[in-house]
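Summary of structural features
Below, each chain spelled out in residue letters.
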Amino acid sequence: MIIFLCVLAILSKFVWPAVLGGLQAREEKIREDLESAEKASAEAKQMLSDYQSKLDEAAGQVQTMLAEARRDAEANGQKIIDAAKEEAAGQRERALSDIENAKKVAMAEMAGQTSKLAMQVARSVVGRELSADDHADLIRQSMERLPSQN
């Protein structure tokens, strides 16, 4: 028992404080490492949250840009359609004008040919030249007999 008490006293005086100091240092190191890991985890969560918000903001900007591009494309498409309609209306008006001009030319040619024909018929029937008044009167009568092309 004396030996046990002596060994215990020697161990408590010299060995036990060194062992307890080492254990306390180790415990403090583990505590610091845990605090550091928690701090790093919190920072990582904050960074993840920041990156997520930036990603959401970028996605929102992309959606805005796509919507704007769609509106621009629709507006340009409508402009193209309006321009095509306007061009078609212009071509229609030009075609109607060309038709009207052709109709007038054809009527003038027909009047000229009718006049010549009437003059020939009148010469053969009357056997003489008609005066300008006779000629105008004959053309007017011939034009009245022609079917209207309005």
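The structure displayed is predicted, hence computed values, not measured ones.

1. What about the overall build of the chain?
From N to C terminus, the chain includes two helices and zero strands. In terms of overall size, the chain is more extended than a compact globule, its C-alpha atoms giving a radius of gyration of 56 Å where 150 residues would be expected to give roughly 15 Å. Seen along its three principal axes, the alpha-carbon backbone of the chain occupies a region of about 180 × 20 × 15 Å. Scored against the burial criterion, the 150 residues of the chain give a buried share of 5%. Of the accessible surface of the chain, which amounts to about 12900 Å², a share of 61% is contributed by carbon and sulfur atoms. Between the centroid of the 20 positive side chains of the chain and the centroid of its 25 negative side chains there is a distance of 3 Å.

2. A word on a nonpolar patch on the surface
Taken together, Ile3, Val7, Ile10, Leu11, Phe14, Val15, Trp16, Val19, Leu20 and Leu23 make up a surface patch of nonpolar side chains, about 960 Å² in accessible area. With relative accessibility at 36%, the residue Leu20 sits in the partly exposed group.

3. Description of the pattern of salt bridges
Per the stated rule, a full pass over the model turns up four salt bridges. Residue Glu27 pairs with Arg31 through a salt bridge whose shortest N-O separation is 3.0 Å. With Glu27 and Arg31 both in helix α1 (residues 2-126) and four residues apart, the pair spans about one turn of that helix. Judged by relative accessible area, which is 45%, Glu27 ranks as partly exposed. A relative accessible area of 38% means that Arg31 is categorised as partly exposed. The closest approach of N and O atoms between Arg31 and Glu28, which form a salt bridge, is 3.0 Å. Here Glu28 and Arg31 lie together in helix α1, a separation of three residues that amounts to about one turn. Among the residues examined, Glu28 registers a relative accessible area of 36% and is labelled partly exposed. Through salt bridges with shared partners, a single ionic network connects Glu27, Glu28 and Arg31.

4. Digging into the UniProt feature "coiled-coil region" (unreviewed entry) in the chain
Sites flagged by UniProt as "coiled-coil region" (unreviewed entry) map to residues 20-105. Taken as a whole, residues 20-105 contains 100% helix and 0% strand, while its terminal C-alpha atoms sit 125 Å from one another.

5. Section: the environment of Gly22
Inspection of the secondary structure assignment puts Gly22 in helix α1. Residue Gly22 is classed as partly exposed on the basis of its relative accessible area of 39%. For the pair Gly22 and Cys6, spaced 16 residues apart in sequence, the C-alpha separation works out to 23 Å.

Scoring rules and cut-offs
- Each chain has its residues counted from 1, running along the sequence as written.
- It should be noted that, the model being predicted, local features are given only for residues of pLDDT at least 70 and side-chain atom pairs only at 80 or more, the latter also being counted only at that level, while totals for whole chains, interfaces and linings use all residues.
- Think of the side-chain values as coming from all heavy atoms in the structure, minus any hydrogens and water.
- Secondary structure elements follow DSSP: runs of H or I of four or more residues count as helices, runs of E of two or more count as strands, with numbering from the N terminus.
- Computation of the radius of gyration draws on C-alpha atoms alone. For the globule rule, the value is 2.2 Å times the number of residues to the power 0.38.
- For each residue, the accessible area found with a 1.4 Å probe, counting protein chains only, is set against the maximum for its type, and the residue is called buried under 20%, exposed over 50%, and partly exposed in between.
- Here, Shrake-Rupley sampling with a 1.4 Å probe gives the accessible areas, and only protein chains in the shown set may cover a residue.
- His is not counted here, nor are the chain ends, while Lys and Arg score as positive and Asp and Glu score as negative.
- Charged groups are reduced to one reference atom each: NZ for lysine, CZ for arginine, CG for aspartic acid, CD for glutamic acid.
- A patch consists of residues whose relative accessible area exceeds 30% and which take part in no salt bridge; residues with like charges are grouped when within 9 Å of each other, and nonpolar side chains (Val, Leu, Ile, Met, Phe, Trp, Tyr) when within 5 Å.
- Any carboxyl oxygen of Asp or Glu that lies within 4 Å of a side-chain nitrogen of Lys or Arg is treated as forming a salt bridge with it.
- UniProt positions are given in the numbering used here, feature names are shortened, and annotations may be inferred rather than shown by experiment.

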